[in-house]
Protein chains: 2
Amino acid sequence: MNKLNRLNFSGGPGALPESVLQQAQEAIIEVPGMGLSVLGISHRSDWFAAVISELEANIRTLLGLPNDYHVLLLQGGATQQFSMLPMTLLRGKAHPADYLHTGYWSGKSLPEARREGPVHLAWSGEAGGFRRLPSDDELSFSAQAPYLHYVSNETVEGLQFHRVLGRDDVPRICDMSSDFLSRPCAAERFSFIYAHAQKNIGPAGVTVILIRDELLKEAPTDLPGFLDYRMQIEAHSNYNTPPVFAIYVVLLVTRWLLNEIGGVVQMGAINRSKAELLYHLLDDSDGFYRGRAEAQDRSLMNVAFNLDSPERESQFLAEAQAAGFSGLAGHRAIGGLRASIYNALTLSAVEELAGFMDDFRRRQAAC
Amino acid sequence: MNKLNRLNFSGGPGALPESVLQQAQEAIIEVPGMGLSVLGISHRSDWFAAVISELEANIRTLLGLPNDYHVLLLQGGATQQFSMLPMTLLRGKAHPADYLHTGYWSGKSLPEARREGPVHLAWSGEAGGFRRLPSDDELSFSAQAPYLHYVSNETVEGLQFHRVLGRDDVPRICDMSSDFLSRPCAAERFSFIYAHAQKNIGPAGVTVILIRDELLKEAPTDLPGFLDYRMQIEAHSNYNTPPVFAIYVVLLVTRWLLNEIGGVVQMGAINRSKAELLYHLLDDSDGFYRGRAEAQDRSLMNVAFNLDSPERESQFLAEAQAAGFSGLAGHRAIGGLRASIYNALTLSAVEELAGFMDDFRRRQAAC
């Protein structure tokens, strides 16, 4: 990205690494060695089978994923998973699944789950305005639940779990859409992980799903084909024409994570440095910048904060935009401000933002 | 596309116009004037709202679409529509919907429809090996049917309807995935048209849907949100993060159709010339090239043919590949040979193929 381009601090779709963008750009005209555009190459070609295969292997390597997991690439975003999951695991069940309501996105999963079967709300942060996550003392999970579902990182409110929840005898299911491959995630402790690509690992249009094989052993056989995980697994994510380009870009991102970053441990360390820089700036601002989340539950991906008035927030946004910082408005559901600092946003980009924020505060204090 | 690149005669994903590929390539680094990559720009931005709006307007202009139609852009391909449609219009109905089984793709729609409600098979070409389509004399449609469903162009077998089927008092629903915007289609006579992008109008990952408003007046209200056409309409195709890049490319293709080609009438004339060139070559080959479909039902999009033996077909494919013609193998379901000549394949590209085919025949005759 050249210097004229804005730095993308948007809640998503997020920025992608420069080297990935360059390779994606080349592939629009010709996939290296293939003589065809990536937009026109067959999803039944040997080339694409190798893309799927390498991408799956890269994800296994990055997460140390055991062999009894399937890796799927589907369309429809996390939203489709909000329904596909309970269609598969909750319909006709007597015992409710445990769900956590920790913010905007987990809230979206609830009505779709309730449409399919019984749901037990194991904890809700709604009364507290979603400014914190539950402690272990506040949680008790049922041993009879078909599964536990939660969202690891609430993009809108800037909340993130820094531990694994749940019981080892009940399948853990986690929406990791906004922190997948941003740090180690103990994937082997989950039965099902899903993540749309457009935060940390690619463009909008593809969702990565990891499923432990035994989770599907009692899955219904009467679902529409495209909503049937087993049919998608059998077809190696090629049940019907997949989004070839988006999948190719996700492959490029996994190569970047492996070869340029070094893995998810290294990525996590970089992401922690970026987040600490901004949270320290908030904490050291004498209350000028007010962090939204309680300190122990702060997200390393989405730094949500406020100023003392909506007017000052508007001024901040206008000046930030003019200075080349894009996407700093909070989610339309809650307003305020938010710096989303996904994998591809570099520490130096975050330092630039921190410099702007420091400067903005000093100028406001001088008024 | 430079001269080193292969010509893409694949059944899909198909080729895209050179000018579209160039603009798509530029947008990977920066959307003109926006300072952000198209892969990272927000789907809630004014820019993307304008993309959706212009794309919708372009489709309305290209097809002369009346105002009581909605234009939707969804994920999941035609396959998702095979289920969404009967979920919406067939569940709990007493009278069966009329379905035609004219080839591979209409065959895929049948089990998904039957899963949701009663289906009447109004005609099947299966016994005849899908080498022709029904004449009007062979068809009678029920006035009580919730709808009639058929596929306008069977990609695999190379069959295409050159007229509109059905009754004016029963909603017509048509899968136009492989001939949408390739010629005028009398859209105003259909209640519902769907077409995935990856043949004539864009990359894989997005599906265009035209719905007459009244078709949804009794649609159920208890479907999962992402499968509910009304929720998608209300959200202007932005119910959850849409495939921004794929949609942008479809916009570029509609601009190309309007500004460089001149519209669907002109596109249809070009496509007819391309198809006639190849069909004349088959017909004038003294039986060397054997057209698969009966003459009156031949597709202008997919020219399916055979040689006298699988061995000769393999030789044809190998020599064609070496000469720079890609994707000429028939669909894996039926084998043989197939030249798919979607919108972006130029007449001169088809002339090149015809030259190769002529030459191949002469060389074989000389053996």
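Note that residues are indexed from 1 along each chain, following the sequence as it is written. Numbering of ligands from 1 and lettering of chains from A proceed in the order in which they are written. pLDDT decides what is reported in this predicted model: residues at 70 or higher carry local features, side-chain atom pairs at 80 or more are listed and counted, and totals for whole chains, interfaces and linings draw on all residues regardless. Each side-chain value is derived from all of the structure's non-hydrogen atoms; neither hydrogens nor water enter the calculation.

A short note on the overall build of chain A
To keep things clear, this is the line we draw: Runs of H or I in DSSP of at least four residues are treated as helices and runs of E of at least two as strands, each being numbered from the N terminus. It is over C-alpha atoms that the radius of gyration is taken, and the globule rule equals 2.2 Å times the number of residues to the power 0.38. Each residue's exposure class comes from its accessible area (1.4 Å probe, protein chains only) as a fraction of the maximum for that residue type: buried when under 20%, exposed when over 50%, partly exposed otherwise. Between two residues, a contact is recorded if the distance between any of their heavy atoms is within 4.5 Å. With residues, only the protein chains shown are counted as cover, and all accessible areas are computed by Shrake-Rupley using a 1.4 Å probe. Counting rule applied: Lys, Arg positive; Asp, Glu negative; His and chain ends not counted. Where a charge lies is defined by one atom per residue type: Lys uses NZ, Arg uses CZ, Asp uses CG and Glu uses CD.
The helix and strand tally for chain A stands at nine helices and 14 strands. Computed over the C-alpha atoms, the radius of gyration of chain A is 21 Å, within 12% of the 21 Å expected from 2.2 N^0.38 for a compact globule of 367 residues. With the principal axes as the frame, chain A shows a C-alpha extent of 65 × 55 × 30 Å. When the 367 residues of chain A are sorted by exposure, 62% land in the buried category. Partitioning the intrachain contacts of chain A with sequence separation of at least 6 by distance along the chain shows that 68% fall at a separation of at least 24. When the accessible surface of chain A is totalled, it reaches about 13500 Å², and 49% of it is carbon and sulfur. Placing the 32 positive and 42 negative side-chain charges of chain A at their respective mean positions leaves the two points 3 Å apart.

Let's talk about the domain arrangement of chain A
Think of interface size as the accessible area that goes away when the parts come together; that is how it is often given. Residue and element names in this part refer to chain A. Note the following rule: These domain boundaries are the output of an automatic or database domain assignment. What makes a salt bridge here is a side-chain nitrogen of Lys or Arg within 4 Å of a carboxyl oxygen of Asp or Glu, nothing more. Nitrogen and oxygen atoms within 3.5 Å of one another constitute a polar contact, given that in protein one can donate a hydrogen and the other can accept it, and given that sequence-neighbouring residues count only through two side-chain atoms. Polarity classes work like this: nonpolar for Ala, Val, Leu, Ile, Met, Phe, Trp, Tyr, Cys and Pro, charged for Asp, Glu, Lys and Arg, and polar for all others, with Gly in that last group.
For chain A, the domain assignment lists domain 1 (19-260) and domain 2 (263-366). The centre of domain 1, based on its C-alpha atoms, is set 27 Å off from the matching centre of domain 2. Tallying the contact residues gives 27 residues for domain 1 and 26 residues for domain 2. Counting across the interface, domain 1 meets domain 2 through zero salt bridges. Our enumeration of links across domain 1 and domain 2 arrives at 17 residue pairs in polar contact (both at pLDDT 80 or more). Elements represented by at least two residues in the side of domain 1 that touches domain 2 include exactly strand 6 (153-154), strand 7 (159-160) and helix 6 (244-261). With three residues, helix 6 is the single largest residue contributor to the side of domain 1 that touches domain 2. Of the residues that constitute the side of domain 1 that touches domain 2, the class distribution is eleven nonpolar, nine polar and seven charged.

Observations regarding the sheet that holds strand 2 (residues 69-74) of chain B
Residues and elements named next belong to chain B. We apply this condition: By the convention used here, strands pair only if DSSP detects at least 2 bridges between them. Between N-to-C directions, angles span 0 to 180 degrees; the directions come from axes that are lines fitted to C-alpha atoms, helices contributing only their stretch in contact.
Taken together, the seven strands give an open sheet; going across it, the order is 2-10-9-8-5-3-4, and neighbouring strands pair in mixed fashion. Edge positions in the sheet fall to strand 2 and strand 4 (119-124), since each of these pairs with one other strand and no more. Adjacent strand axes in the sheet meet at a mean angle of 20 degrees when their direction is disregarded. Taken strand by strand, helix 2 (residues 46-63) contacts strand 2 and strand 10 (207-212), and its axis lies near 125 degrees from that of strand 2.

Topic: unusual backbone geometry
All names here are of chain A. Pro 13 follows Gly 12 through a cis peptide bond whose omega is -5 degrees. Notably, His 236 is not glycine yet its phi reads approximately 55 degrees, a positive angle. Locating His 236 in the fold gives a position in the loop between helix 5 (229-234) and helix 6.

So, the confidence of the model for chain A
The following threshold applies: What pLDDT conveys is the predictor's confidence in a given residue, as a value from 0 to 100.
Mean pLDDT over chain A stands at 96; residues scoring 70 or higher make up 99%. In the predicted complex, the global pTM is 0.96; the interface-specific ipTM is 0.96.

Let's talk about the packing of helix 8 (residues 310-322) of chain A against helix 9 (residues 347-366) of chain A
Residues and elements named next belong to chain A. Cut-off, in case you're wondering: Put simply, angles under 35 degrees are roughly parallel, angles over 145 are roughly antiparallel, angles from 65 to 115 are roughly perpendicular, and the rest are oblique. Left-handed describes a crossing whose near helix is turned anticlockwise from the far helix through less than a right angle; right-handed describes the clockwise counterpart.
Interhelical geometry of helix 8 versus helix 9 gives an angle of 130 degrees and a closest axis separation of 11 Å. When the axis of helix 8 is compared with that of helix 9, the two are oblique. The crossing of helix 8 and helix 9 is right-handed. For the pair helix 8 and helix 9, the contacting residues are Arg 312, Gln 315, Phe 316, Glu 319 and Ala 320 in the first and Phe 356, Met 357, Phe 360, Arg 363 and Gln 364 in the second. When its residues are assigned to classes, the contact of helix 8 with helix 9 shows five nonpolar, two polar and three charged.

With respect to helix 4 (residues 104-116) of chain B
Where helix 4 of chain B is concerned, the buried positions are B:Tyr104, B:Ser106, B:Ser109, B:Leu110, B:Glu112, B:Ala113 and B:Glu116. Looking at the packing, one finds that the buried side of helix 4 of chain B touches helix 3 (77-89), strand 3 (97-101), strand 4, strand 5 (148-151) and strand 6 (153-154) of chain B.

Remarks on the relation of the copies chain B and chain A
Here is the rule: A residue counts toward the fit only if its pLDDT is at least 70 in both copies, and the copies are then superposed by least squares on the C-alpha atoms of those residues.
Superposing chain B onto chain A takes a rotation of 180 degrees plus a shift of 0.0 Å along the axis, which leaves an RMSD of 0.0 Å. What we have between these two chains is a two-fold relation. Proximity to the rotation axis, assessed at the C-alpha, singles out B:Gln25 in chain B; its C-alpha lies 2.6 Å from the axis. When you check the interface residues of chain B against chain A, 100% turn up at the interface there too, and the contact is symmetric in its surfaces.

Let's talk about the pattern of salt bridges
When the charged atoms of two side chains lie near each other, side chains of opposite charge can form a pair. Residue and element names in this part refer to chain A. Scanning the model with the defined rule gives 34 salt bridges over all chains in all. Its salt-bridge partner being Asp 179, residue Arg 183 comes within 3.6 Å of it at the nearest N-O pair. Here Arg 183 and Asp 179 have matching classes, each one buried. Among the charged side chains, a network of salt bridges with common partners joins Asp 168, Arg 172 and Arg 189.

Some points on the packing of helix 6 (residues 244-261) of chain B against helix 7 (residues 264-283) of chain B
Residue and element names in this part refer to chain B. For the pair helix 6 and helix 7, interaxial distance at closest approach is 9 Å and the crossing angle is 85 degrees. Compared by their axis directions, helix 6 and helix 7 come out roughly perpendicular. The segment helix 6 lies against helix 7, with Trp 256, Leu 257 and Ile 261 engaging Gln 266, Met 267 and Ile 270. Classifying every residue of the contact of helix 6 with helix 7 by side-chain character gives five nonpolar, one polar and no charged.

Considerations on the interface of chain B and chain A
Stated precisely, the cut-off is as follows: In short, buried area is how much 1.4 Å probe accessible area vanishes from two parts on joining, totalled over both.
Between chain B and chain A, the contact holds 55 residues from the first and 56 residues from the second. Overall, the association of chain B and chain A removes approximately 4400 Å² of surface from exposure, summing both partners, and the carbon and sulfur fraction of that is 58%. For chain B, the biggest contributors to the area lost against chain A are B:Ile29, B:Leu39 and B:Phe226; these three give 14% of the whole. Along the contact surface separating chain B from chain A lie zero salt bridges. Joining chain B to chain A, the criterion identifies 21 residue pairs in polar contact (both at pLDDT 80 or more). Residue assignment for the side of chain B that touches chain A shows that the elements contributing at least two residues are helix 1 (18-29), helix 3, helix 4 and helix 6 of chain B. It is helix 1 of chain B that provides the largest number of residues to the side of chain B that touches chain A, a total of six residues.

A look at the nonpolar core
If you look at soluble globular proteins, the nonpolar side chains tend to sit buried side by side. Quick reminder of the rule: Nonpolar cores were defined as sets of buried Ala, Val, Leu, Ile, Met, Phe, Trp, Tyr and Cys residues, with membership established by side-chain atoms within 4.5 Å.
With 131 residues, the main nonpolar core has A:Phe180 and B:Phe180 as its most contacted residues. Setting aside anything within four residues of it in sequence, one finds B:Phe180 in contact with B:Ile59, B:Leu63, B:Ile193, B:Ala195, B:Asn200, B:Ile201, B:Val208 and B:Leu210. The next biggest cluster of nonpolar side chains, apart from the first, holds 54 residues, and it includes A:Met84, A:Leu90, A:Ala97 and A:Tyr229.

Topic: the sheet that holds strand 2 (residues 69-74) of chain A
Residue and element names in this part refer to chain A. The seven strands lie next to each other as 2-10-9-8-5-3-4, forming an open sheet whose pairing is mixed. Unpaired on one side and paired on the other, strand 2 and strand 4 (119-124) mark the two borders of the sheet. Averaged over all pairs of adjacent strands, the angle between their axes in this sheet comes to 20 degrees, without regard to strand direction. Bridge analysis of strand 3 (residues 97-101) against strand 5 (residues 148-151) gives two bridges, and the strand direction is parallel.

Regarding the state of the cysteines
Residues and elements named next belong to chain B. Filter applied, for reference: Cysteine sulfur atoms that pair up within 2.5 Å are treated as a disulfide.
Inspection of the entire model under this criterion finds zero disulfides over all chains. Lacking any disulfide linkage, Cys 174 is separated from the closest cysteine sulfur, that of Cys 185, by 8.2 Å. Looking at Cys 185, the relative accessible area reads 14%, which means it is buried.

Some details on the side chain of B:Ser83
Checked against the element boundaries, B:Ser83 lands in helix 3. Classification of B:Ser83 as buried rests on a relative accessible area of 0%. If we skip the residues at most four places from it in the chain, B:Ser83 touches A:Pro224, A:Phe226, B:Glu112 and B:Glu116.

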